[in-house]
Amino acid sequence: MSAVSIPIFQKVKNYFSLIKFSHTVFALPFACIGFTLAIVHEHRSFEWPLLIKMLLCMVFARSAAMAFNRYLDRKFDTLNPRTAKREVPAGIITPQNALLYTIVNALLFCATTWFINMLCFYLSFVALFIILFYSYTKRITALCHLVLGLGLSLSPIGAFLVVTGYFSWLPVLFSLAVLTWVSGFDIIYALQDEEFDRSNKLHSIPAAIGIKNALIVSILLHICSAAFIVGAGILGHFTWIYWIGALFYCIMLTYQHLLVKPTDLSKVNMAFANTNGIASVVFGVMTIASLLL
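Residues numbered from 1 in each chain as written. Predicted model: local features only at pLDDT ≥ 70, side-chain atom pairs only at ≥ 80, totals over all residues. Heavy atoms only, no water.

A. View of the overall build of the protein chain. When you go through the protein chain residue by residue, the secondary structure sums to 13 helices and zero strands. The secondary structure elements of the protein chain, listed N-terminal to C-terminal, are α-α-α-α-α-α-α-α-α-α-α-α-α. Since a compact globule built from 293 residues should have a radius of gyration of about 19 Å, the 19 Å found for the protein chain is in line with a globular shape. Projected onto its principal axes, the C-alpha coordinates of the protein chain cover approximately 50 × 50 × 40 Å. In the protein chain, buried positions account for 52% of the 293 residues. Surface exposure of the protein chain reaches about 14,100 Å², of which carbon and sulfur atoms provide 73%. One finds the centroid of the 19 positive side-chain charges in the protein chain at a distance of 4 Å from the centroid of its 11 negative side-chain charges. (Helix = DSSP H or I, 4+ residues; strand = E, 2+ residues; numbered from the N terminus. Rg over C-alpha atoms; globule rule 2.2 N^0.38 Å. Buried < 20%, exposed > 50% of the residue type's maximum accessible area, 1.4 Å probe, protein only. Areas by Shrake-Rupley, 256 points an atom, 1.4 Å probe, with all protein chains shown as cover. Lys, Arg positive; Asp, Glu negative; His and termini not counted. Charge placed at Lys NZ, Arg CZ, Asp CG, Glu CD.)

B. Representation of the pattern of salt bridges. Within this structure, the stated rule accounts for five salt bridges. With a shortest N-O distance of 3.3 Å, R86 and D77 are connected by a salt bridge. Just as R86 is buried, D77 falls in that class too. R198 serves as the salt-bridge partner of E194, at 2.9 Å between the closest nitrogen and oxygen. (Salt bridge = Lys/Arg side-chain N within 4 Å of Asp/Glu carboxyl O.)

C. Fine view of helix α6 (residues 118-137). The end-to-end C-alpha distance of α6 is 29 Å, a good match for the 28 Å that 20 residues give at a rise of 1.5 Å each. The largest bend in α6 comes to about 30 degrees, at S124. The set of residues buried in α6 consists of C120, F121, S124, A127, L128, I130, I131, Y134, S135 and T137. Summarising the contacts, the buried residues of α6 are in contact with α3 (48-72), α5 (95-114), α7 (144-164) and α8 (169-190). Taking the backbone nitrogen of L119 as reference, a side-chain oxygen 3.3 Å away marks N117 as the first, capping residue of α6. (Expected span 1.5 Å × (residues − 1). Bend = angle between axes of the 7 residues up to and from the residue. Contact = heavy atoms within 4.5 Å. Polar contact = N/O pair within 3.5 Å; in protein donor to acceptor, adjacent residues only side chain to side chain.)

D. Representation of the nonpolar core within the structure. In this structure, F30, F174, W181, I229, Y242, Y249 and F283 are the most contacted members of the largest nonpolar core, which totals 30 residues. Mapped onto this core, the elements with two or more residues apiece are α2 (28-41), α7, α8, α11 (211-236), α12 (240-259) and α13 (268-292). Among the elements that take part in this core, α8 stands out by supplying nine residues, more than any other. When near neighbours in sequence (up to four residues on either side) are disregarded, I229 contacts F30, F174, A177, Y242, A246, Y249 and F283. Membership of the second largest hydrophobic core comes to 28 residues, among which are A61, A64, I157 and A159. (Core = buried A, V, L, I, M, F, W, Y, C linked by side-chain atoms within 4.5 Å.)

E. Expanded view of a nonpolar patch on the surface. Where nonpolar side chains cluster on the molecular surface, the patch consists of I8, V12, F16 and F21 and spans about 340 Å² of accessible area. Along the polypeptide, V12 turns up in helix α1 (residues 2-18). (Patch = residues over 30% accessible without salt bridge, like charges linked within 9 Å, V, L, I, M, F, W, Y side chains within 5 Å.)

F. Region of interest: the confidence of the model for the protein chain. Across the protein chain, the average pLDDT comes to 94, with 98% of residues at or above 70. Considering only residues more than four positions removed or in separate chains, one finds that residues 1-6, a stretch of pLDDT under 50, has one contact. (pLDDT = per-residue confidence, 0-100.)

G. The side chain of T83, seen in detail. Relative to the helices and strands, T83 resides in the loop between α4 (74-79) and α5. Setting aside chain neighbours within four positions, we find T83 in contact with F76, D77 and P89.

H. Seen up close, the side chain of S280. Its location among the elements puts S280 in helix α13. Owing to a relative accessible area of 0%, S280 belongs among the buried residues under this scheme. When sequence neighbours within four positions are dropped, the list of residues in contact with S280 reads V25, F26, P29, F30 and W181.

I. View of the state of the cysteines. Taken as a whole, this structure holds zero disulfides when the rule is applied. C57 carries a free sulfur, and the closest cysteine sulfur to it, the one in C120, is 7.2 Å from it. C250 carries a free sulfur, and the closest cysteine sulfur to it, the one in C224, is 12 Å from it. Judged by its relative accessible area of 24%, C250 is partly exposed. (Disulfide = S-S within 2.5 Å.)

J. Local environment of the packing of α3 against α6. It is at 9 Å that the axes of α3 and α6 come closest, and there the two elements cross at 20 degrees. When the interaxial angle is binned, α3 and α6 end up roughly parallel. At the point where α3 passes α6, the crossing takes the right-handed sense. Of α6, the residues touching α3 (which contributes A61, A64, A65, F68, N69 and L72) are I131, L132, Y134, S135 and Y136. (Axes fitted to C-alpha atoms, helices over the stretch in contact; angles between N-to-C directions. Parallel < 35°, antiparallel > 145°, perpendicular 65-115°, else oblique. Left-handed = near helix turned anticlockwise from the far one by under 90°.)

Below, the structure is given as structure tokens:
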């Protein structure tokens, strides 16, 4: 029994590692904000099946995007010492299986939206194009960070559409906050590969303008993110609970920029994963609590 279960468990673990499943925490709280916002502000009833479908869409879309990125970047990941141990270049998962995993998750994503509403189904193809196209952008533009931000920013709007089937300005503000937040911290993450990107003719803001200037751009984007969070709070007439979460979010944005300096990139991973993950979860919980209490 154990001889069979261990390999299966390991395979699942490998695919979870391939797509960095733990990083789902970045966008998921904002999707939950969009979902709760639609229920409270638009006076809709809570439905467990609808929440499950929304969560499945998040998982399928993100899994497709990450697997495709690993498939497409396998050559560069092999050459880069920082990424050479990833599942595809290390031979743990074959390129063919990574591509198959992408296709299966993309189909599951579209199929799930079919059972939500027609607007979500039609827009699922647009969403898929954006999140899959991101993997090509490092080959053509230094603005690739903004495309990644755009992909993750679809989560609050998408979750709102799951419940309502129509658009509203408030989830758009949260989406803009996600766009600028993710773009900013992706620039920080890309600092590690500045020299590699430049030598391999890959595009990124650090490779284009240097580490010091890239950090300035990241700061400006995070200032914009904080401004959108404030704007959403004002437009949505949130309670004091929201503003505590917003303050914490801004503090964590500031903290990650104190961790990373042009002359010291040793804490990039801490700034990227830990700081942003905590900021997202705490802000999400406080916002949802403000809506429900």
